[in-house]
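A closer look at the structure
Now for the letters of each chain:
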Amino acid sequence: VAIQTTRYDHYRVSLGVPLARALALFVATTGSSVVNRIGLRFINRLQDPLADKPEFWAAHIRDGFSGPLTGSLSRMVDATHQQTQIRLAESAAARIISGVFREEDGDRYSFLVDLDVFREQAFPYDEDLCANLAKQLNRTALSLFSQVVTPAYLDAMGSVPVEEGE
């Protein structure tokens, strides 16, 4: 089951309610009773009108994810790609794919932060458990995203505060 949105407002509205509906329909239609994997994926394409060179992003991305944008080759870098696997717990993990790339117009550079947070462990389907796991994964994704971009850039983006119960 996959839920997709191009605009994220708050977890409950953008993902929580649609996911609960989709899972209920899936279970009712297929009779499935076991969940093997639950996860959330956020593909964030950071764009800035001032990003006319890849090294623009060095000031907005934390050192661990900016790679060669801060090194001696920074003026020659045209694109970067990094994939990081993170073990969160015995059955939970995250994958962060990040990097800078040239926009199609050729005049600007964007930065990709592709977050996939998931739990892989079979368990009997339970609506409340799935909802709670998805909420936890949403918070984990937000926490990981804040470890990629600098606090100043996160503030400049006007991040959405997490509401109680999300």
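Residues numbered from 1 in each chain as written. Predicted model: local features only at pLDDT ≥ 70, side-chain atom pairs only at ≥ 80, totals over all residues. Heavy atoms only, no water.

Helix and strand counts for the chain come out as four helices and four strands. Secondary structure elements of the chain occur, N-terminal to C-terminal, as α-β-α-β-β-β-α-α. The principal-axis extents of the C-alpha atoms in the chain amount to approximately 55 × 30 × 30 Å. Out of the 166 residues belonging to the chain, those deemed buried represent 36%. Taking as baseline every contact in the chain between residues at least 6 positions apart, the subset at least 24 positions apart corresponds to 61%. Positive and negative side-chain charges of the chain, numbering 16 and 21 respectively, have mean locations separated by a distance of 2 Å. (Helix = DSSP H or I, 4+ residues; strand = E, 2+ residues; numbered from the N terminus. Buried < 20%, exposed > 50% of the residue type's maximum accessible area, 1.4 Å probe, protein only. Contact = heavy atoms within 4.5 Å. Lys, Arg positive; Asp, Glu negative; His and termini not counted. Charge placed at Lys NZ, Arg CZ, Asp CG, Glu CD.)

Turning to the pairing of strand 4 (residues 109-124), a few remarks are in order. Strand direction decides the pairing type here: strand 1 (residues 34-46) and strand 4, joined by twelve bridges, are antiparallel. Paired with arginine 41 across the strands is aspartate 116, a residue of strand 4. In the sheet, strand 3 (residues 92-102) pairs with strand 4 via eleven bridges, with the strands oriented antiparallel. Note on strand 4: the bridge partner recorded for alanine 94 is valine 117. (Pairing = 2+ DSSP bridges.)

Evaluated as defined, the whole model comprises three aromatic pairs. Ring centres of tryptophan 57 and phenylalanine 111 lie 6.1 Å apart, and the angle between their planes is 40°; on these two criteria the pair is classed as tilted. Taken together, the residues tryptophan 57 in the loop between strand 1 and helix 2 (63-66) and phenylalanine 111 in strand 4 connect sequence positions 54 residues apart. Under the relative-accessibility criterion, tryptophan 57 is labelled buried at 0%. (Phe/Tyr/Trp six-rings, centres within 6.5 Å; stacked < 30°, edge-to-face > 60°.)

Checked against the element boundaries, aspartate 128 lands in helix 3 (residues 127-145). As for aspartate 128 and alanine 20, which are separated by 108 residues in sequence, their C-alpha atoms are 9.1 Å apart.

Here the focus is the confidence of the model for the chain. On average, residues of the chain carry a pLDDT of 90, and 95% of them reach 70 or more. Looking across the chain, the model is least confident in helix 1 (residues 11-30), with a mean pLDDT of 88, and most confident in strand 3, with 97. (pLDDT = per-residue confidence, 0-100.)

Take the pattern of salt bridges next. Summed over all chains, the structure comprises six salt bridges. For arginine 37, the salt bridge is made with aspartate 116, and the minimal N-O distance between the two is 3.2 Å. With arginine 37 in strand 1 and aspartate 116 in strand 4, the pair connects residues that are 79 residues apart, well separated along the chain. Take arginine 37: its relative accessible area is 39%, and that puts it in the partly exposed class. The buried category is assigned to aspartate 116, whose relative accessible area is 11%. Residues joined by salt bridges that share partners form a network here, namely Arg37, Arg95, Asp116 and Glu120. (Salt bridge = Lys/Arg side-chain N within 4 Å of Asp/Glu carboxyl O.)

Moving on, we get to the side chain of serine 110. Inspection of the secondary structure puts serine 110 in strand 4. Ignoring anything within four residues of it in the chain, the contact list for serine 110 reads Arg45, Leu46, Gln47, Trp57, Gly99, Val100, Phe101 and Glu103.

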